[in-house]
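Here's the letter readout for the chains.
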Amino acid sequence: MSISSKTPSSETAKTASAPKVFVLLTAAATVVVAMLLFTVFSGRQHAPKNATLHTGGQHYNLRVAATAQAQQKGLGDTKSMPKNSGMLFWFTDDNTRCFWMKDMRFSLDIIWLDADKRVVHIERGLSPGTYPRVYCPTGASRYVIELNSGEAARAGILNGETLTF
């Protein structure tokens, strides 16, 4: 048996430490990605698939439109909507949201709400025949609710009221 007195070459030392560097870089990248995801999604309220609006002794089962595709389609091409039903457009930011009655087959009440779910504007009794007219609130909104025509009055929904869903 012979024992070598040679020291490892610098090339051997670099090769031996390469897996350690890879592990450290992978761990650092994972931490950075996790921090970015936390920053993007923390405090952001995720939209449910359905919600229930309770107001004025009435309750409404709301189908939630949270994606751009669902929001663009809305209730368009829907033949009718059951009593005590509606659609909730759930946006992730405050902006002026304008709506029209394109492809609608029945009349609606449209209710705009701010980030605190306070009613900022209501349009009542909009018929399909109003298309291509566009309806916009006077300020920014985060949520928009569409109910069958007359439901906003029946439930006593007023500007400035805070809704619960």
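Below: a short report on this structure. What you see as residue numbers is a count from 1 along each chain, following the sequence as written. Reporting of local features is limited, given that this is a predicted model, to residues whose pLDDT is at least 70; pairs of side-chain atoms are given and counted only at 80 or more, and all residues count toward the totals for whole chains, interfaces and linings. To get the side-chain values, take all heavy atoms of the structure and skip hydrogens and water.

Working definition: a disulfide is two cysteine sulfur atoms within 2.5 Å of each other. One pass over the structure, following the stated rule, counts one disulfide. The disulfide partner of cysteine 98 is cysteine 136, and the gap between their sulfur atoms is 2.0 Å. Looking along the S-S bond of the cysteine 98-cysteine 136 disulfide, the torsion reads about 115 degrees, which is the right-handed sense. Separated by 38 residues along the polypeptide, cysteine 98 in the loop between strand S3 (85–95) and strand S4 (99–100) and cysteine 136 in the loop between strand S7 (134–135) and strand S8 (141–148) bring together distant segments of the chain. Note on exposure labels: buried denotes an accessible area under 20% of the residue type's maximum, exposed denotes more than 50%, and partly exposed covers the range between, all computed with a 1.4 Å probe on protein chains only. A relative accessible area of 42% means that cysteine 98 is categorised as partly exposed. Each helix corresponds to a stretch of at least 4 residues labelled H or I by DSSP, and each strand to a stretch of at least 2 residues labelled E; elements are numbered beginning at the N terminus.

Strand pairing is assigned whenever DSSP identifies at least 2 bridges connecting the two strands. Judged by pairing direction, the sheet is mixed, and its six strands sit side by side in the order S1-S2-S3-S8-S5-S6 without closing on themselves. Looking at strand neighbours, the two that pair on one side only are strand S1 (50–55) and strand S6 (119–126), the edges of this open sheet. The average angle at which neighbouring strand axes cross in this sheet is 25 degrees, direction not considered. Examined bridge by bridge, strand S5 (residues 108–113) and S8 share six bridges and lie antiparallel to one another. Across the sheet, residue tryptophan 112 finds its bridge partner in S8, namely valine 144. Axis angles are defined between N-to-C directions and span 0 to 180 degrees, where every axis is a line fitted to C-alpha atoms and, for a helix, only to the segment in contact.

Before going further, it helps to examine the side chain of glutamate 151. With respect to the element layout, glutamate 151 can be found in helix H3 (residues 151–154). The buried category is assigned to glutamate 151, whose relative accessible area is 10%. At 2.7 Å, the side chain of glutamate 151 forms a polar contact with the side chain of tyrosine 60. The term polar contact refers here to a pair of N or O atoms within 3.5 Å; inside protein, the definition further demands a hydrogen-donor-capable atom paired with an acceptor-capable atom, and it admits residues adjacent in sequence only when both atoms are side-chain atoms.

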